[in-house]
Amino acid sequence: MSEGAAKKEEKPRKFQAVRGTRDLFPPETELWNRVERAAHEVFATFGFGEIRLPIFEPTELFARSIGEETDVVSKEMYTFVDRTEKLGPEPKIGAFGIFIEKVRELYRSGEIPQTGGNQLALEHMESAWKKFNGLSPDVAISLEDLDNAYQMTAYMDAMRLGIEISLRPEATASVCRAYVEHGMQALPQPVKLYYMGPMFRRERPQKGRYRQFYQIGAEVLEKEVASGEWPLEARGKRVASKEGKEVTSGPPQAGVASKELAKDAAVDAEVIEMVIAFFDRLELQGVQLDINSIGDRNCRPKYIELLRAELLKVKDKLGLDSQRRIETNPLRVLDSKLESEQGIIATLPRIGDHLCEECATHYAAVKHQLEMRGVIYRENWRLVRGLDYYMRTTFEITAKGLGSQNAVCGGGRYDGLVELLGGPPTKGIGFAIGEDRLILSLQESGKGVVATGRDVYIAWMGERAHATAIRAAKDLRKAGFSVELPPVEQKFGKALGQADKLGAKYALILGDNEVSEGLWTLKTLADGSQAKYTEPDLLEHLSKQRALKL
Ligand code: AMP
């Protein structure tokens, strides 16, 4: 490299946050903290405990749970190969043989994934190595050898030399994984967990839509009681035998199944009530709750077939996206916001008319339970969730001031997901709140104002006053006041100007007089009034003012 080029490279470069990511800083972060504090407090009152999850997981966890066909998994995940550390660094040409042997060994043990692609690449790499002659000292390197060397490295690059990892696009799958991994089915059921943190999706960034965004979510998981474990009287009708003894016979009582449905409905409603309680606490404006039931394994497939048949009849009138979805996921057509499709969608069959008896009973019970809790909802038969694992209850909450990305919360029931991830049959219901959007909505409606500034600015002058100022700052901070203590002395006029700029409520003035008299001057910056206090009186006065929220 020429000297000039090296210099050019060293030139300082300004960096910017990657597209779709952003920095959050004061004073806005204070609002984020307030929101998160409220979540901790409100969720705890409903008996939820916090779970902290890894930011990345095996890609397969998301592929299995969210579904390979979904946008999230098929195009939006940040995925990389976590190359096994047993492989060591990239080999030099001379060490290629040893490297291939290691790859083969790790492939056999499964540490390098045993996929068709890897198998093929490994074979090609081995055969190119066998043909490679470039190490022989007395033969000049030939074009053929160059080609073989190129092939060896190209096939090495094509191999997945470790497991595939993805940054989490959501957290439900992780919570279910953790439930199974830690045997939480042995804990008292249901297990109620909440989480908060960043999620990652490679979506097109716009207002309220980011590639790194934050969710606050909760899940309720409950191991299903197998019918064999039902209480005896629940398993069949109690009848008197010929000998006059009581025995059970016949099919399980319908009462048990309906009790389970009623219980699920109450859990669903309480989870929704919790989100609403959280939003109420934050004074979120324009909260609109939409609910729906999307059926279950019994009734949904039949409905989807019916929907598909009806959609095929009007295929020509639909946009390209919807046309594609007729095959891949017809429910998603109902999601469409395309103006030209709205009239057609209004005429399609509605799932509510095609629920099986159990789903219909459950849905009616959810609505009743919401009413008992005073939760206002709107039924929206077009509310289907994009993810494969939802069943029965789905819900979405929108709020004010968000434009087209106005959903702040989405959730639903997902019985069966834990089982799909290798756990026992388990029921599940949960939601995820988009924290970025929640904050945006609070700000847009004027509910996001947070107190900034300091309680006390200490204006001190002189060496003796400095020592007193340090002590005063320590005591005030201990009592929970935020204090700004300038590191060097300032003329009082300048100090008061600074205090004003920082939005301080009070200036504590400490000069020679104050120190020798033991009487400190407190100036209330809002009205300019001044009063003198002894040290203990000052603390008491400030604490009283704080209690009065002055
Ligand atoms: P989902 O996990 O897709 O059900 O989303 C739940 C909630 O997360 C949505 O209602 C949004 O509020 C929020 N959300 C989803 N994707 C994004 C994103 N890319 N940027 C910001 N918020 C998002």
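Below or above, wherever it landed, is the structure these notes cover. (Residues numbered from 1 in each chain as written. Predicted model: local features only at pLDDT ≥ 70, side-chain atom pairs only at ≥ 80, totals over all residues. Heavy atoms only, no water.)

## Here we look at the site of the ligand
Here is step 1 of the chain: In the region of the ligand, 14 residues are neighbours, and Arg201, Glu203, Tyr210, Arg385 and Ala407 sit closest.
Here is step 2 of the chain: Within the side chain of glutamine 215, one N or O atom sits 3.0 Å away from an oxygen atom of the ligand.
Here is step 3 of the chain: Residue glycine 434 places a main-chain N or O atom 3.4 Å away from an oxygen atom belonging to the ligand.
Here is step 4 of the chain: The fraction of the free accessible surface of the ligand (480 Å²) that becomes covered by protein chains is 89%.
Here is step 5 of the chain: For the shell around the ligand, the elements supplying multiple residues, two or more each, are β6 (212-223), β12 (407-413) and β13 (426-434).
Here is step 6 of the chain: A total of three residues in the shell around the ligand trace back to one element, the largest contributor, which is β12.
Here is step 7 of the chain: Tallied by class, residues from the shell around the ligand come to six nonpolar, three polar and five charged. (Near = heavy atom within 4 Å. Polar contact = N/O pair within 3.5 Å; in protein donor to acceptor, adjacent residues only side chain to side chain. Areas by Shrake-Rupley, 256 points an atom, 1.4 Å probe, with all protein chains shown as cover. Helix = DSSP H or I, 4+ residues; strand = E, 2+ residues; numbered from the N terminus. Nonpolar A, V, L, I, M, F, W, Y, C, P; charged D, E, K, R; others polar.)

## A short note on the packing of aromatic side chains
Here is step 1 of the chain: Within the structure shown, the criterion is met by nine aromatic pairs.
Here is step 2 of the chain: Between phenylalanine 43 and tyrosine 194, the aromatic rings sit 5.3 Å apart at their centres with planes inclined by 75 degrees, giving edge-to-face as the arrangement. Here tyrosine 194 lies in strand β5 (residues 191-200) and phenylalanine 43 lies in helix α2 (residues 28-45), a separation of 151 residues in the sequence.
Here is step 3 of the chain: In this structure tyrosine 194 comes out as buried when scored by relative accessible area, which is 5%.
Here is step 4 of the chain: A centroid spacing of 6.0 Å and a plane angle of 20 degrees characterise the contact between tryptophan 129 and phenylalanine 132, whose relative ring orientation is stacked.
Here is step 5 of the chain: Residue tryptophan 129 is classed as partly exposed on the basis of its relative accessible area of 23%.
Here is step 6 of the chain: The exposure class of phenylalanine 132 is buried, given its relative accessible area of 10%.
Here is step 7 of the chain: Following the ring pairs from residue to residue traces out a cluster consisting of Phe43, Tyr194, Phe278, Phe279 and Phe431.
Here is step 8 of the chain: A cation over a ring is seen here: lysine 367 above tyrosine 363, with NZ or CZ 4.3 Å from the ring centre. (Phe/Tyr/Trp six-rings, centres within 6.5 Å; stacked < 30°, edge-to-face > 60°. Buried < 20%, exposed > 50% of the residue type's maximum accessible area, 1.4 Å probe, protein only. Lys NZ or Arg CZ within 6 Å of the ring centre and 35° of its normal.)

## Examining helix α14 (residues 357-372)
Here is step 1 of the chain: End to end, α14 covers 22 Å across 16 residues, agreeing with the expected 22 Å (1.5 Å per residue, within 8%).
Here is step 2 of the chain: Restricting attention to buried positions, one finds in α14 the residues Cys359, His362, Tyr363, Ala365, Val366, Lys367, Gln369 and Leu370. (Expected span 1.5 Å × (residues − 1).)

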